[in-house]
Amino acid sequence: MKKEYIVDIIFFALAVIWCGVIFSFSAQKGEESGGLSKKVCYFIAESFVFDFDEMPKEKQTEIVEGMHLFVRKTAHFCVYAVLGFLVAMGLRRKKPLLRGALSEGFVVIYAAFDEIHQSFVSGRNGNIYDVILDSVGGLFGIVFAIVLWKTIRASREKRRRNNG
(Lines give C-alpha, C1' and ligand atoms only; values in the text may rest on other atoms or scores of the structure.)
Protein backbone atom coordinates (compact mmCIF):
# COMPACT_ATOMS: atom_id res chain seq x y z
CA MET A 1 0.00 0.00 0.00
CA LYS A 2 1.33 3.41 -0.92
CA LYS A 3 2.55 5.71 1.82
CA GLU A 4 0.02 8.45 0.93
CA TYR A 5 -2.92 6.05 1.40
CA ILE A 6 -1.60 5.06 4.80
CA VAL A 7 -1.40 8.76 5.76
CA ASP A 8 -5.00 9.24 4.53
CA ILE A 9 -6.15 6.33 6.68
CA ILE A 10 -4.32 7.75 9.70
CA PHE A 11 -6.02 11.15 9.29
CA PHE A 12 -9.44 9.51 8.88
CA ALA A 13 -8.81 7.30 11.92
CA LEU A 14 -7.86 10.40 13.93
CA ALA A 15 -11.05 12.12 12.71
CA VAL A 16 -13.15 9.15 13.87
CA ILE A 17 -11.41 9.17 17.26
CA TRP A 18 -11.98 12.93 17.48
CA CYS A 19 -15.69 12.40 16.71
CA GLY A 20 -15.70 10.01 19.67
CA VAL A 21 -14.13 12.68 21.88
CA ILE A 22 -16.78 15.20 20.79
CA PHE A 23 -19.52 12.62 21.39
CA SER A 24 -18.22 11.89 24.90
CA PHE A 25 -18.24 15.60 25.79
CA SER A 26 -21.79 15.87 24.44
CA ALA A 27 -22.87 12.86 26.48
CA GLN A 28 -21.95 14.61 29.75
CA LYS A 29 -24.96 15.68 31.78
CA GLY A 30 -25.52 19.44 31.96
CA GLU A 31 -24.16 19.75 35.49
CA GLU A 32 -21.03 17.74 34.66
CA SER A 33 -20.37 19.69 31.45
CA GLY A 34 -20.91 23.04 33.16
CA GLY A 35 -18.64 22.00 36.02
CA LEU A 36 -15.85 21.06 33.61
CA SER A 37 -16.02 24.36 31.76
CA LYS A 38 -16.13 26.27 35.07
CA LYS A 39 -12.93 24.47 36.12
CA VAL A 40 -11.35 25.73 32.90
CA CYS A 41 -12.61 29.25 33.71
CA TYR A 42 -11.12 29.10 37.22
CA PHE A 43 -7.80 27.91 35.78
CA ILE A 44 -7.76 30.80 33.28
CA ALA A 45 -8.72 33.32 35.96
CA GLU A 46 -6.11 32.03 38.40
CA SER A 47 -3.47 32.18 35.68
CA PHE A 48 -4.27 35.55 34.10
CA VAL A 49 -6.36 37.71 36.45
CA PHE A 50 -4.12 39.71 38.78
CA ASP A 51 -4.73 38.85 42.47
CA PHE A 52 -7.63 36.52 41.62
CA ASP A 53 -6.84 34.30 44.64
CA GLU A 54 -7.02 37.28 47.01
CA MET A 55 -10.41 38.49 45.74
CA PRO A 56 -13.60 37.82 47.69
CA LYS A 57 -15.42 34.64 46.59
CA GLU A 58 -18.30 36.73 45.15
CA LYS A 59 -15.90 38.66 42.89
CA GLN A 60 -14.20 35.42 41.78
CA THR A 61 -17.59 33.91 40.95
CA GLU A 62 -18.57 37.03 39.00
CA ILE A 63 -15.36 36.87 36.94
CA VAL A 64 -15.77 33.13 36.25
CA GLU A 65 -19.45 33.52 35.33
CA GLY A 66 -18.48 36.33 32.95
CA MET A 67 -16.02 34.02 31.18
CA HIS A 68 -18.17 30.91 31.17
CA LEU A 69 -20.16 31.44 27.96
CA PHE A 70 -17.08 32.63 26.06
CA VAL A 71 -15.06 29.57 27.16
CA ARG A 72 -17.87 27.16 26.19
CA LYS A 73 -18.35 28.72 22.76
CA THR A 74 -14.59 28.88 22.15
CA ALA A 75 -14.41 25.17 22.97
CA HIS A 76 -17.15 24.47 20.40
CA PHE A 77 -15.23 26.42 17.76
CA CYS A 78 -11.89 24.76 18.55
CA VAL A 79 -13.01 21.12 18.72
CA TYR A 80 -14.72 21.48 15.36
CA ALA A 81 -11.71 23.31 13.89
CA VAL A 82 -9.67 20.22 14.79
CA LEU A 83 -12.30 17.96 13.21
CA GLY A 84 -12.37 20.04 10.02
CA PHE A 85 -8.57 19.98 9.88
CA LEU A 86 -8.36 16.19 10.29
CA VAL A 87 -11.01 15.47 7.65
CA ALA A 88 -9.49 17.95 5.18
CA MET A 89 -6.03 16.46 5.68
CA GLY A 90 -7.46 13.02 5.02
CA LEU A 91 -8.77 14.39 1.72
CA ARG A 92 -5.63 16.44 0.98
CA ARG A 93 -5.06 14.87 -2.44
CA LYS A 94 -8.46 16.09 -3.68
CA LYS A 95 -8.83 19.47 -5.38
CA PRO A 96 -9.14 22.23 -2.76
CA LEU A 97 -12.74 23.17 -3.59
CA LEU A 98 -13.95 19.55 -3.50
CA ARG A 99 -11.91 18.87 -0.36
CA GLY A 100 -13.39 21.93 1.33
CA ALA A 101 -16.95 21.07 0.33
CA LEU A 102 -16.71 17.42 1.42
CA SER A 103 -14.99 18.31 4.68
CA GLU A 104 -17.44 21.11 5.54
CA GLY A 105 -20.38 18.88 4.62
CA PHE A 106 -19.14 16.26 7.06
CA VAL A 107 -18.56 18.86 9.80
CA VAL A 108 -22.04 20.37 9.40
CA ILE A 109 -23.73 16.95 9.46
CA TYR A 110 -21.75 15.83 12.50
CA ALA A 111 -22.43 19.14 14.31
CA ALA A 112 -26.16 18.74 13.67
CA PHE A 113 -26.00 15.11 14.85
CA ASP A 114 -24.11 16.23 17.95
CA GLU A 115 -26.72 18.85 18.85
CA ILE A 116 -29.55 16.36 18.33
CA HIS A 117 -27.67 13.93 20.57
CA GLN A 118 -27.30 16.63 23.25
CA SER A 119 -31.04 17.24 23.25
CA PHE A 120 -31.48 13.74 24.71
CA VAL A 121 -28.91 14.26 27.50
CA SER A 122 -30.14 15.35 30.92
CA GLY A 123 -29.58 19.06 31.53
CA ARG A 124 -28.49 19.71 27.93
CA ASN A 125 -30.26 21.00 24.86
CA GLY A 126 -29.64 21.14 21.14
CA ASN A 127 -28.92 24.58 19.74
CA ILE A 128 -28.89 25.61 16.06
CA TYR A 129 -26.48 28.44 16.93
CA ASP A 130 -23.97 25.86 18.17
CA VAL A 131 -24.28 24.03 14.83
CA ILE A 132 -23.46 27.31 13.08
CA LEU A 133 -20.54 28.01 15.42
CA ASP A 134 -19.26 24.44 15.02
CA SER A 135 -19.52 24.77 11.24
CA VAL A 136 -17.53 28.00 11.26
CA GLY A 137 -14.90 26.36 13.47
CA GLY A 138 -14.76 23.43 11.06
CA LEU A 139 -14.37 25.80 8.13
CA PHE A 140 -11.45 27.49 9.91
CA GLY A 141 -9.73 24.11 10.37
CA ILE A 142 -10.40 23.18 6.75
CA VAL A 143 -8.95 26.42 5.38
CA PHE A 144 -5.94 25.99 7.66
CA ALA A 145 -5.43 22.43 6.36
CA ILE A 146 -5.68 23.53 2.73
CA VAL A 147 -3.24 26.40 3.21
CA LEU A 148 -0.85 24.18 5.19
CA TRP A 149 -0.96 21.43 2.54
CA LYS A 150 -0.38 23.91 -0.31
CA THR A 151 2.58 25.37 1.61
CA ILE A 152 4.05 21.91 2.24
CA ARG A 153 3.64 20.93 -1.42
CA ALA A 154 5.19 24.21 -2.64
CA SER A 155 8.13 23.73 -0.28
CA ARG A 156 8.67 20.14 -1.48
CA GLU A 157 8.48 21.25 -5.10
CA LYS A 158 10.99 24.05 -4.51
CA ARG A 159 13.37 21.65 -2.78
CA ARG A 160 12.97 19.14 -5.61
CA ARG A 161 13.80 21.82 -8.22
CA ASN A 162 16.81 23.04 -6.26
CA ASN A 163 18.16 19.53 -5.72
CA GLY A 164 17.28 18.15 -9.14
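Everything here concerns the structure above.
Residues numbered from 1 in each chain as written. Predicted model: local features only at pLDDT ≥ 70, side-chain atom pairs only at ≥ 80, totals over all residues. Heavy atoms only, no water.

1. Observations concerning a nonpolar patch on the surface
On the surface, Met1, Tyr5, Ile6, Ile9, Ile10, Leu14 and Ile17 cluster together to form a nonpolar patch covering roughly 720 Å² of accessible area. In this structure, Ile17 sits in helix H1 (residues 3-26). (Patch = residues over 30% accessible without salt bridge, like charges linked within 9 Å, V, L, I, M, F, W, Y side chains within 5 Å. Areas by Shrake-Rupley, 256 points an atom, 1.4 Å probe, with all protein chains shown as cover. Salt bridge = Lys/Arg side-chain N within 4 Å of Asp/Glu carboxyl O. Helix = DSSP H or I, 4+ residues; strand = E, 2+ residues; numbered from the N terminus.)

2. Section: the packing of helix H3 (residues 57-90) against helix H5 (residues 128-163)
Running from N to C, H3 and H5 point in directions that differ by 40 degrees, and their axes come no closer than 6 Å. Of the possible angle classes, the one that applies to H3 and H5 is oblique. Read as a crossing pair, H3 and H5 show a hand that is right-handed. By residue class, the composition of the contact of H3 with H5 is 14 nonpolar, five polar and three charged. (Axes fitted to C-alpha atoms, helices over the stretch in contact; angles between N-to-C directions. Parallel < 35°, antiparallel > 145°, perpendicular 65-115°, else oblique. Left-handed = near helix turned anticlockwise from the far one by under 90°. Nonpolar A, V, L, I, M, F, W, Y, C, P; charged D, E, K, R; others polar.)

3. Brief notes about the nonpolar core
By size, the foremost hydrophobic cluster in this structure holds 20 residues, and its most contacted members are Tyr80, Leu83, Phe85, Met89 and Tyr110. Secondary-structure elements contributing two or more residues to this core are H1, H3, helix H4 (96-118) and H5. No other element matches the seven residues that H3 contributes to this core. Leave out the neighbours within four places in its chain, and Leu83 touches Ala15, Trp18, Cys19, Ile22, Phe106, Val107 and Tyr110. (Core = buried A, V, L, I, M, F, W, Y, C linked by side-chain atoms within 4.5 Å. Buried < 20%, exposed > 50% of the residue type's maximum accessible area, 1.4 Å probe, protein only. Contact = heavy atoms within 4.5 Å.)

4. What about the packing of helix H2 (residues 30-48) against H3?
Packed helices, taken two at a time, are described by the angle their axes make and the gap between the axes. Interaxial distance between H2 and H3 falls to 9 Å at its minimum, and their mutual angle equals 115 degrees. Every pair of crossing elements has a handedness; the one defined by H2 and H3 is right-handed. Mapping the contact onto sequence places Ser33, Gly34, Ser37, Lys38, Val40, Cys41, Tyr42, Ile44 and Ala45 in H2 and Thr61, Ile63, Val64, Glu65, Met67, His68, Val71 and Arg72 in H3. Partitioning the contact of H2 with H3 into residue classes produces nine nonpolar, five polar and three charged.

5. Focus on the pattern of salt bridges
Should the charged atoms of two oppositely charged side chains come close, the side chains can pair. One pass over the structure, following the stated rule, counts six salt bridges. Among the ionic pairs, Arg92 bridges to Asp8, the shortest N-O distance being 2.4 Å. One end of the pair, Arg92, is in the loop between H3 and H4; the other, Asp8, is in helix H1, with 84 residues separating them in the sequence. Neither residue differs from the other here; Arg92 and Asp8 are each classed as buried. A salt bridge links Arg160 to Glu157; the shortest N-O distance between them is 2.8 Å. Of the two residues, Arg160 and Glu157 are both situated in helix H5; the distance of three residues between them amounts to about one turn of the helix.

6. Thoughts on H5
The terminal C-alpha atoms of H5 lie 52 Å apart, and with 36 residues this matches the ideal 52 Å at 1.5 Å per residue to within 8%. Every buried residue belonging to H5 is among Asp130, Val131, Asp134, Ser135, Gly137, Gly138, Gly141, Ile142, Ala145, Ile146 and Trp149, and all of these are buried. Considering only its buried residues, H5 is in contact with H3 and H4. The N-terminus of H5 is capped by Asn127, whose side-chain oxygen sits 2.7 Å from the backbone nitrogen of Tyr129. (Expected span 1.5 Å × (residues − 1). Polar contact = N/O pair within 3.5 Å; in protein donor to acceptor, adjacent residues only side chain to side chain.)

7. Examining H2
Between its first and last C-alpha, H2 extends 27 Å over 19 residues, near the 27 Å set by a 1.5 Å rise per residue. Taken as a whole, H2 has its buried residues at Gly30, Ser33, Gly34, Ser37, Cys41 and Ala45. Each buried residue of H2 sits inside an arc of 110 degrees when the element is viewed along its axis, so together they form one side. Exposed positions of H2 whose direction lies more than 90 degrees from the buried face are Glu31, Lys39 and Phe43. Packed against the buried residues of H2 are H3. (Arc of directions from axis to C-beta.)

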